[in-house]
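Here is how the chains run, residue by residue.
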Amino acid sequence: MESETHMMKSKPGRESKNMFASSKLLHHPWIRIVLISNLLTQTGIWIRNFAVLLYVVNKTGGDAFAVSMISVAEYAPMLVFALIGGVFADRWPPRRTLIWCDALAAVSIWIVLAAMKSGAWEAVFFPTLISAVLSQLSQPSGMRLFQERAAADLIQPAMSVFQTMFAVFMVLGPVLGTWVYQTFGIGVSMGLTGTVFLLSAAVLGWIPADFKAEGGGRRQGTSVFREMRDGIRYVTSNRVLGRLSLCFAAVGLGIGLISPLSVFIVTDKLGLPADHLKWLSIPYGAGEIAGGIAAFALAGRMAPQTLLMLGLIVNAAGIAVTGWSGMLWLTMLAQFVIALLQPAIFIGNQTLVMQHTEPEYIGRVSGIRTPLMTGAMLLMMSLSGVLAGRLPLGIIYSLAGLCLLIGLLIVLPLYRQRESALASRPE
């Protein structure tokens, strides 16, 4: 760290430049448009998700299989279509792809709404499925748009803003979705969702067309499968991307292992009724929002490697404390600290990926990483119930923390590489 401090002192303009990167972001015209679009789509997603959930529960009398099919519709496309979507995100112009994805999501909702009016209530599952498929195109297209058009010093602040927005909706989204459904019913909820998606597509139309970005993405004479192989080869041959992808998978293993077990922390470790789970959700939600805001404030002054490793260390410790604690206040504090630094993991990882990926590969890189983390999460979620019946919760949560520490060891050479590079620069 001494070399980094020396560099900061020898270049007084660097600190002020980094300090104002976050404020520059909010004054960037088309980035503001993307933020408004994301605000609209997140609103629609949460209204739709809770409207579908509560509608299915009411229609089936709380049938567990029917409810589980909602999660299948949400997660299955991530495993099946992520890499294929990444290929087409690299082929197609990103601005146009984003607009079409939002427009098609809106149209699918209106079609499903018409089907439901004819009595086919099961069609309610399909908006989630179609939206999940389209997201495998829109997410990498959004990353490519930022990489092609945003200045390098705006990438990390942008990732911080998006993470903060997701954190806010993680807290307020369930409240909003539940209120809309209980007040207006499934018809209005779905109609509102479709309208919001159309508004998002219209807002994205204000992003100025870039001839190079809009015309140079398609590659002629190459097959989809060949481009998929090229993407896999690109990730495996890139030392930075390979390590970041393995770290992502390790984080997925840890998160998946403990995701279904929160209620047992309340009932078994703390000896409280299951409805006291809210006392863990409240500090976690507050920590996510505070962490996103803090990451945005520090985005221009803290290297993504530092953010990533700080998040991994603190989360590993917080998860272990949660598993062994028998005191409510300590468990709540651990949940707050976990959520406070969790955005740092995703912001640091994502920023490094965008910094070390060529624009023509960003979709495929995203398409490879998404199934890695999602698959790791689903694998451990399927095993966590079995392990909970055989091992103490403290051991299971310690294993989850160990997964994050393994992720830290995987990316540790990236931090050492950065320190070496800083030390070798001329003053």
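Residues numbered from 1 in each chain as written. Predicted model: local features only at pLDDT ≥ 70, side-chain atom pairs only at ≥ 80, totals over all residues. Heavy atoms only, no water.

A. Representation of the overall build of the protein chain. Across its full length, the protein chain holds 17 helices and 0 strands. Residues classed as buried in the protein chain amount to 51% of the 427 residues present. The long-range fraction of contacts in the protein chain, counting pairs at least 24 apart against all pairs at least 6 apart in sequence, stands at 88%. As displayed, the protein chain offers around 19,300 Å² of accessible surface, 69% of which is attributable to carbon and sulfur atoms. (Helix = DSSP H or I, 4+ residues; strand = E, 2+ residues; numbered from the N terminus. Buried < 20%, exposed > 50% of the residue type's maximum accessible area, 1.4 Å probe, protein only. Contact = heavy atoms within 4.5 Å. Areas by Shrake-Rupley, 256 points an atom, 1.4 Å probe, with all protein chains shown as cover.)

B. Structural context of the pattern of salt bridges. Using the criterion set out here, one finds 4 salt bridges in the structure. The residue Arg233 makes a salt bridge to Asp230 at a minimum N-O spacing of 3.0 Å. A residue pair is termed a helical-turn pair when its members lie 3 or 4 positions apart in one helix, as Arg233 and Asp230 do in helix α10 (residues 224–237) at 3 residues. (Salt bridge = Lys/Arg side-chain N within 4 Å of Asp/Glu carboxyl O.)

C. Looking closely at the nonpolar core. Formed by 78 residues in total, the largest nonpolar core has its most connected members in Trp30, Ile31, Phe146, Leu244, Leu308, Leu312 and Val411. Apart from residues no more than four positions distant in its own chain, Leu312 is found in contact with Cys247, Val251, Ile345, Leu404, Gly407, Leu408 and Val411. Listed in part, the 24 residues of the second largest apolar core include Val112, Met116, Ala123 and Phe197. (Core = buried A, V, L, I, M, F, W, Y, C linked by side-chain atoms within 4.5 Å.)

D. Summary view of the packing of aromatic side chains. By the definition in use, this model includes 9 aromatic pairs. For the pair Phe248 and Phe346, a centre-to-centre distance of 6.2 Å together with 80° between the ring planes defines the contact as edge-to-face. Note that Phe248 is positioned in helix α11 (residues 239–258) and Phe346 in helix α15 (residues 328–355), a separation of 98 residues in sequence. The buried category is assigned to Phe248, whose relative accessible area is 12%. Exposure remark for Phe346: the relative accessible area of 22% places this residue in the partly exposed category. Grouped by ring-pair contacts, the aromatic residues Trp30, Phe146 and Phe162 constitute a single cluster. (Phe/Tyr/Trp six-rings, centres within 6.5 Å; stacked < 30°, edge-to-face > 60°.)

E. A look at a nonpolar patch on the surface. Together, Trp324, Leu391, Ile395, Leu399, Leu402, Leu405 and Ile406 line one region of the surface with nonpolar side chains, adding up to about 580 Å² of accessible area. Position of Ile406 relative to the elements: it lies in helix α17 (residues 393–424). Since its relative accessible area comes to 41%, Ile406 is described here as partly exposed. (Patch = residues over 30% accessible without salt bridge, like charges linked within 9 Å, V, L, I, M, F, W, Y side chains within 5 Å.)

F. Summary view of the packing of helix α8 (residues 152–204) against α15. The N-to-C vectors of α8 and α15 enclose an angle of 140°; their axes lie 9 Å apart at closest approach. Viewed along their axes, α8 and α15 adopt a mutual orientation that is oblique. In terms of crossing hand, the pair formed by α8 and α15 is right-handed. For the pair α8 and α15, the contacting residues are Ile155, Gln156, Met159, Ser160 and Gln163 in the first and Pro343, Phe346, Ile347, Gln350, Thr351 and Met354 in the second. Its residues placed into classes, the contact of α8 with α15 shows 6 nonpolar, 5 polar and no charged. (Axes fitted to C-alpha atoms, helices over the stretch in contact; angles between N-to-C directions. Parallel < 35°, antiparallel > 145°, perpendicular 65-115°, else oblique. Left-handed = near helix turned anticlockwise from the far one by under 90°. Nonpolar A, V, L, I, M, F, W, Y, C, P; charged D, E, K, R; others polar.)

G. Spotlight on the packing of α11 against helix α16 (residues 362–388). It is at 7 Å that the axes of α11 and α16 come closest, and there the two elements cross at 25°. In terms of orientation, α11 lies roughly parallel with respect to α16. As α11 packs across α16, the resulting crossing turns out to be right-handed. Here α11 contributes Leu241, Leu244, Ser245, Phe248, Ala249, Val251, Gly252, Leu253, Ile255, Gly256 and Leu257 to the contact with α16, which in turn contributes Val365, Arg369, Leu372, Met373, Ala376, Met377, Met380, Met381, Ser384 and Leu387. Of the residues in the contact of α11 with α16, the class split is 16 nonpolar, 4 polar and 1 charged.

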